Structures are given as structure tokens and as C-alpha cells.
Amino acid sequence: MYSDIDISARSSNKLQMPLKTELALFLFGIMCSKNKSFGKRGKLCYHINMDINQHNRFKNATQKDKAKYMRLALKEAQKAALINEVPVGAVIVKDGKVIARGHNIKEQKKNSMYHAEIVALQKACKKIGDWRLNDCDIFVTLEPCPMCAGALINARIGNIFFGAYDDRAGCCGTLYDLPGDTRFNHRPNVEGGILQDKCGEILVEYFKQKRREIKEQKQKNKEDCQNS
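We now turn to the structure provided with this report. (Residues numbered from 1 in each chain as written. Predicted model: local features only at pLDDT ≥ 70, side-chain atom pairs only at ≥ 80, totals over all residues. Heavy atoms only, no water.)

## Here's the deal with the overall build of the protein chain
And then number 1: Each helix and strand counted, the protein chain has 6 helices and 8 strands in total.
And then number 2: Ordered by position from N to C terminus, the α and β elements of the protein chain give β-α-β-β-α-β-β-α-α-β-α-β-β-α.
And then number 3: Burial statistics for the protein chain: of 228 residues in total, 39% are counted as buried.
And then number 4: In the protein chain, the proportion of contacts linking residues at least 24 apart, taken out of those at least 6 apart, comes to 57%. (Helix = DSSP H or I, 4+ residues; strand = E, 2+ residues; numbered from the N terminus. Buried < 20%, exposed > 50% of the residue type's maximum accessible area, 1.4 Å probe, protein only. Contact = heavy atoms within 4.5 Å.)

## Points about helix α2 (residues 63–82)
And then number 1: Between its terminal C-alpha atoms α2 stretches 28 Å, which fits the 28 Å expected from 20 residues at 1.5 Å a residue.
And then number 2: Burial in α2 covers these residues: Lys-66, Ala-67, Tyr-69, Met-70, Leu-72, Ala-73, Leu-74, Glu-76, Ala-77 and Ala-80.
And then number 3: Buried residues along α2 sit in contact with β4 (89–94), β5 (97–103), β6 (136–142), β7 (159–164), β8 (189–191) and α6 (196–227).
And then number 4: Phi turns positive, to about 65°, at Asn-84, one or two residues after α2. (Expected span 1.5 Å × (residues − 1).)

## Here's the deal with the packing of helix α4 (residues 116–128) against helix α5 (residues 146–154)
And then number 1: As a packed pair, α4 and α5 sit with axes 9 Å apart at the nearest point and diverge in direction by 25°. When the interaxial angle is binned, α4 and α5 end up roughly parallel. Judged by the sense of rotation from one axis to the other, the crossing of α4 with α5 is left-handed. Contacts between α4 and α5 involve Glu-117, Ile-118 and Leu-121 on the former and, on the latter, Met-147, Cys-148, Ala-151 and Leu-152.
And then number 2: Each residue belonging to the contact of α4 with α5 can be placed in one class, and the counts come to 6 nonpolar, no polar and 1 charged. (Axes fitted to C-alpha atoms, helices over the stretch in contact; angles between N-to-C directions. Parallel < 35°, antiparallel > 145°, perpendicular 65-115°, else oblique. Left-handed = near helix turned anticlockwise from the far one by under 90°. Nonpolar A, V, L, I, M, F, W, Y, C, P; charged D, E, K, R; others polar.)

## Things to note about the layout of surface pockets
It is a probe the size of a water molecule, rolled over the atoms, that shows where empty space is left.
And then number 1: Taken as a whole, the largest pocket holds about 660 Å³ of empty space.
And then number 2: Along the walls of the largest pocket sit 23 residues, with Val-86, Leu-142, Asp-166, Leu-203 and Phe-207 positioned nearest its centre.
And then number 3: A total of 6 residues in the lining of the largest pocket trace back to one element, the largest contributor, which is α6.
And then number 4: Here the lining of the largest pocket is composed, by residue class, of 12 nonpolar, 4 polar and 7 charged. (1 Å grid on protein atoms, 1.4 Å probe; cavity = no way out; pocket = protein on both sides within 12 Å on 5 of 7 lines; lining within 4 Å. Points joined across faces, edges and corners; volume = space filled by probe spheres on them.)

## Notes on the environment of Tyr-206
And then number 1: Locating Tyr-206 in the fold gives a position in helix α6.
And then number 2: Overall, Tyr-206 belongs to the buried group, its relative accessible area being 12%.
And then number 3: Between the C-alpha atoms of Tyr-206 and Glu-85, which are 121 residues apart in sequence, the distance is 8.9 Å.
And then number 4: Not counting the four nearest positions on each side in its chain, Tyr-206 is found in contact with Asn-84, Glu-85, Val-86 and Pro-87.

## Notes on α5
And then number 1: Along α5, the residues classified as buried are Cys-148, Ala-149, Ala-151, Leu-152 and Ile-153.
And then number 2: Positive phi appears at Arg-156, one or two residues downstream of α5, with a value of about 60°.

## Brief notes about unusual backbone geometry
And then number 1: One non-glycine residue, Asn-84, lies in positive phi territory at about 65°.
And then number 2: Mapped onto the secondary structure, Asn-84 falls in the loop between α2 and β4.
And then number 3: Taking the relative accessible area as the measure of exposure, Asn-84 reaches 40% and is therefore partly exposed.
And then number 4: Phi angles above zero are rare outside glycine, and Lys-110 is one such case at about 55°.
And then number 5: By the element assignment, Lys-110 lies in the loop between α3 (106–109) and α4.
And then number 6: A relative accessible area of 70% means that Lys-110 is categorised as exposed.

## Some points on the pairing of β7
And then number 1: Along β7, 6 of the 6 residues are buried, which leaves the element largely enclosed by surrounding structure.
And then number 2: When β6 meets β7, the two strands line up parallel, connected through 5 bridges. When the sheet's bridge partners are listed, Leu-142 is paired in β7 with Ala-164.
And then number 3: The handedness of the β6 to β7 crossover, carried by α5, is right-handed. (Pairing = 2+ DSSP bridges. Right-handed = clockwise from strand over helix to strand, strands pointing away.)

What follows is the structure, encoded as C-alpha cells:
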């Protein structure tokens, strides 16, 4: 987790701060890594790494471990397909345990915000009683869109693992790389392509079925017109 402390700097570029603030920064400097840079309007920004090892929890995790959680996300995607939603699913993991699950319910709720990631985030926050999920990781079957990538950054999620890449809306490396933008004060690690074929296959089959249904409906409408 990263926190920003913005301290106004005078034109002389000399740092002006209360003694308590100075002492706090000194103590933080002992325990944390600290990088200093000048931001907009002459403000001096201290980017303090509160837990430099936080994002490395899955550093030594095997692909088998990651595949296990992605299969759970795929089960959520299958639930979405059963209710005629775009089949995307997500699970959020904390300390090796799944604390939240979600799948697309956008059509059910008639609300564009109900993507799998958002549903899972809401449940995870409720579960732990905090909006900060910096000790958690998300596994989602499709690369997060701009809305979901932004929500994951704001939730301070530790790691983002996704399955299929999204050429039309993916913002974790495909169209944009929001989590990798160094201007944000929190940057989750991202790994894509986990069970990519399986995650992509369920989407391909869903849209094939949708196209068949549309074609059949057009044919039916044409026949109805001819018979009337």
C-alpha cells in the first residue's frame, strides 16, 4: 500500500513542515522506502511504501496455485452464462482463502456497473469491514476494463490475475496499462494469460450462441412478415 503526503513547498524549494510531521516522516523512513518528487503546483510528494513486500505474496506461487483460483473464477463465469449474462467471473483471495466471489449481473440489475470485479469487490469489502484490500488478490477470467481496473487500484488490491486478454476494453496492458501507470499512488502487480484458452472459450461460445439466436430471430421475423 502506498500513501501520499502532499506538503506545500515555497518557491525557494525549501521544505516547510511542522515538527510533528517531520518526526513522523523520519520514523516512517526507518521502516519504509521513501521516494521524493515534485508534483503539480509545486507540491512536494512523498510516496511512502507501507509494505514493500506486499505485492510479492504470489512471487513463489506455482502456476498450479494460480490455476486453482482461476478455475473458481471460471465457475462464476459459468453462473453468469446460465442467466444470459456475458460469462465473466471473479474471486478475491486473502491469506489463501476465497473471501468473495462475483460474476456479471449487468443485465439482471440493468446497471452497467455490475461487472464481476465490482460485485466481488463489494462483497470483499463487506466481508473484511474495510475498503482497503491491500492484503487481497483478485482472479478474474477476463482482463479488467477501465472501470474495473480503476476500482481495483482504488481498493488497493495487491495482485491482479486474469485469464483472457480483451482487445476491445482491456486496461491491464492491452489498450492501456492503468495498474502500471507510475502516476497512481498504488500500483497492483498484474499477470495475464492464466488458463487463457478456457477463459476465452467460454466467451467465444457465449457470443456464438448469441449470434445464432439473433439470426434465428431475424429469420422468424421474416417468416412472420411473409405469412401475414
